[in-house]
Amino acid sequence: MPTDVIMPQMGESIFEGTITKWLKKPGDKVQRDEPLFEISTDKVDAEIPAPTSGVLQEIKVAEGTTVQVNTVVGVISDGDSASVPRATAPPAAVAAPEKKEAAKPAAPSAEERHGVHLHDEDVRSSPLVRKMAREHNVDLTQVPGTGLGGRVTKQDITAFIEKGAATAVPQSLPQQVSAPATRPAAAPAPGTIPGDVVAMSQMRKIIAQRMIESRRTSAHVHCMFEVDLTRIVALRNKLKNGFEQRNGTRLTFMPFFVRAAIIALQQFPIVNASVEGENIRYHRHVNSGIAVALDWGLIVPVLKNADELNFLGLQRGITDLGERARSKKLMPQDVEGSTFTITNPGQFGAVFGLPIINQPNSAIMGVGGITKQPIVVTDKDGNDSIAIRSVVHLTLGYDHRLIDGAVADQFMAWVKKTLENWSEDVG
């Protein structure tokens, strides 16, 4: 008997979802729990698994369409049916017959301009895997997949890269497919060319709405502190290899910033509070939102009860949230309940940023790039000298309805003191 594929409800407050991509075509075999299509809701983007094994017989809802939860979006047959697979709702990207000839001279796609191998999209893989393939110039068709149905997993491509098997673009491909190693900062969306007008994705619409709402809600003020991170840079360089071998996760800079913020929030709980009408809600725990930049937008997964975690717990939690965000594995509860947010524009080279507050938080801390700079240092005897130090600029965006400038500055001074005099065991 055929099995209906439905739009799932990804949380109690979510009533609709947008199908952003079908990972299978009518006629393709599918395995139970194998990713079947991708959706976007007002909370998360996610891959939805097949409810049963069989053959995708019919696609009822096209890519880019928003439907209510529990709507039937496709049909999976048991594989014995003689019916012809069909897509009753063809994707909007398919050109009308009379326009096919005009489409032939179109400019190369964004994937071609940026060195994506032409057959990568045909390989069963997640967005994270495809991103890793682009970054390392890996032809996904050459990577053995160990996942369901031959799906290439993150572990597969990581092992392939570590073996040094990443290959350059084949010489037989057109010249324009050979891409520069780095991606332009403002690359057009895949499949578009400059001058095109395209609809906003569901995530882009939500981001736009939330940013405007935050600006209208909070009285934004920013302060910036310069922090000498030399001690932490040296500590991380010394311990990172052993840390990863012992714990199975990389040692990054983010848990240092999260831990320093937690310590300061415990000293200044008003920065961890939120406005509720004419009242102030002081939160019992620090639920740290960690902004994650994605190819298709921005999302803020939340590390719950971060104040109860040791350093290793922070690192594992941050890594887990980031990986699940990039592979569309987050659930609605993973992006709810933050009390304080940290964003890291410095990973892309920014010296500092002026971040917009993530509602209903009252503050957000932006982490700039870590750079070596000549600065004046004073020894214990009061003698000054110029030294090369690793420096980071931290910016606090705060809601002046709740937090006064003096409190914000004291909070950041505490963060600075903790980072510059780091003494905590990193595990």
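This one's a predicted model, so the numbers in the text were calculated from it and none came from an experiment.

Description of the packing of aromatic side chains
No. 1: According to the stated counting rule, one finds six aromatic pairs in the structure shown.
No. 2: Judged by centre distance (6.3 Å) and plane angle (75 degrees), the rings of Phe268 and Trp414 are edge-to-face. Residue Phe268 is located in the loop between helix 7 (254-267) and strand 11 (274-276), and its partner Trp414 is located in helix 9 (residues 405-420); the two are separated by 146 residues in the primary sequence.
No. 3: Using a relative accessible area of 16% as the deciding quantity, one classes Phe268 as buried.
No. 4: Cluster of aromatic residues (ring-pair linked, three or more members): Phe256, Phe311 and Trp422.
No. 5: For Lys417, the ring lying beneath its charged end belongs to Trp414, and the centroid distance is 5.4 Å.

Some details on the environment of Lys304
No. 1: On the secondary structure map, Lys304 appears in the loop between strand 16 (302-303) and helix 8 (311-326).
No. 2: Look past the residues within four positions of Lys304 in its chain and what remains in contact with it is Val286, Asn287, Gln333 and Glu336.
No. 3: Looking at Lys304, its side chain comes within polar contact range of the main-chain oxygen of Glu336, at 3.3 Å.

Quick notes on the pairing of strand 2 (residues 16-22)
No. 1: Pairing of strand 2 with strand 7 (residues 66-68), which is carried by three bridges, proceeds in the antiparallel orientation. If you follow Gly17 over to strand 7, its bridge partner there is Val67.
No. 2: Note: strand 2 against strand 4 (residues 35-40), four bridges, orientation antiparallel. By the bridge assignment, Thr18 is partnered in strand 4 with Ser40.

Notes on the pattern of salt bridges
Opposite charge on two side chains lets them pair, provided their charged atoms get close.
No. 1: The tally for this structure, following the rule as stated, stands at 12 salt bridges.
No. 2: Asp28 is the salt-bridge partner of Lys25, the closest N and O atoms lying 3.9 Å from each other.
No. 3: As a salt-bridge pair, Arg259 and Glu424 come within 3.0 Å of each other at their nearest N and O atoms. Here Arg259 is found in helix 7, whereas its partner Glu424 is found in the segment after helix 9, with 165 residues between them in sequence.
No. 4: For Arg259, a relative accessible area of 16% gives the class buried.
No. 5: What makes Glu424 partly exposed here is its relative accessible area of 26%.
No. 6: Several salt bridges share partner residues, and in doing so they unite Asp320, Arg324 and Asp334 into one network.

So, the environment of Val292
No. 1: Positionally, Val292 belongs in strand 14 (residues 292-294).
No. 2: Taking relative accessible area as the criterion, Val292 reaches 6% and is therefore assigned buried.
No. 3: Spatially, the C-alpha atom of Val292 lies 9.7 Å from that of Ile342, the residues being 50 residues apart in sequence.
No. 4: Residues within four places of Val292 in sequence aside, it is in contact with Gly297, Leu298, Ile299, Pro301, Gly322, Ala325 and Arg326.

Section: helix 6 (residues 230-247)
No. 1: Its 18 residues give helix 6 an end-to-end C-alpha distance of 24 Å, which sits within 8% of 26 Å, the value for a rise of 1.5 Å per residue.
No. 2: Every buried residue of helix 6 is listed here: Thr230, Ile232, Val233, Arg236, Phe243 and Asn247.
No. 3: Against the buried residues of helix 6 lie strand 10 (220-228), helix 7, helix 8, strand 20 (384-399) and helix 9.
No. 4: The first or second residue beyond helix 6 is Gly248, which carries a positive phi of 70 degrees.

Structural notes on the sheet that holds strand 5 (residues 45-49)
No. 1: Strand order in the open sheet formed by four strands is 5-4-2-7, with antiparallel pairing between adjacent strands. Edge positions in the sheet fall to strand 5 and strand 7, since each of these pairs with one other strand and no more. With strand direction ignored, the average angle separating the axes of adjacent strands in the sheet is 40 degrees.
No. 2: For strand 4 and strand 5, the ladder comprises five bridges, and the chain directions are antiparallel. Its bridge partner lying in strand 5, Glu38 is registered against Glu47.

Rules behind the numbers
Residues numbered from 1 in each chain as written. Predicted model: local features only at pLDDT ≥ 70, side-chain atom pairs only at ≥ 80, totals over all residues. Heavy atoms only, no water. Phe/Tyr/Trp six-rings, centres within 6.5 Å; stacked < 30°, edge-to-face > 60°. Helix = DSSP H or I, 4+ residues; strand = E, 2+ residues; numbered from the N terminus. Buried < 20%, exposed > 50% of the residue type's maximum accessible area, 1.4 Å probe, protein only. Lys NZ or Arg CZ within 6 Å of the ring centre and 35° of its normal. Contact = heavy atoms within 4.5 Å. Polar contact = N/O pair within 3.5 Å; in protein donor to acceptor, adjacent residues only side chain to side chain. Pairing = 2+ DSSP bridges. Salt bridge = Lys/Arg side-chain N within 4 Å of Asp/Glu carboxyl O. Expected span 1.5 Å × (residues − 1). Axes fitted to C-alpha atoms, helices over the stretch in contact; angles between N-to-C directions.

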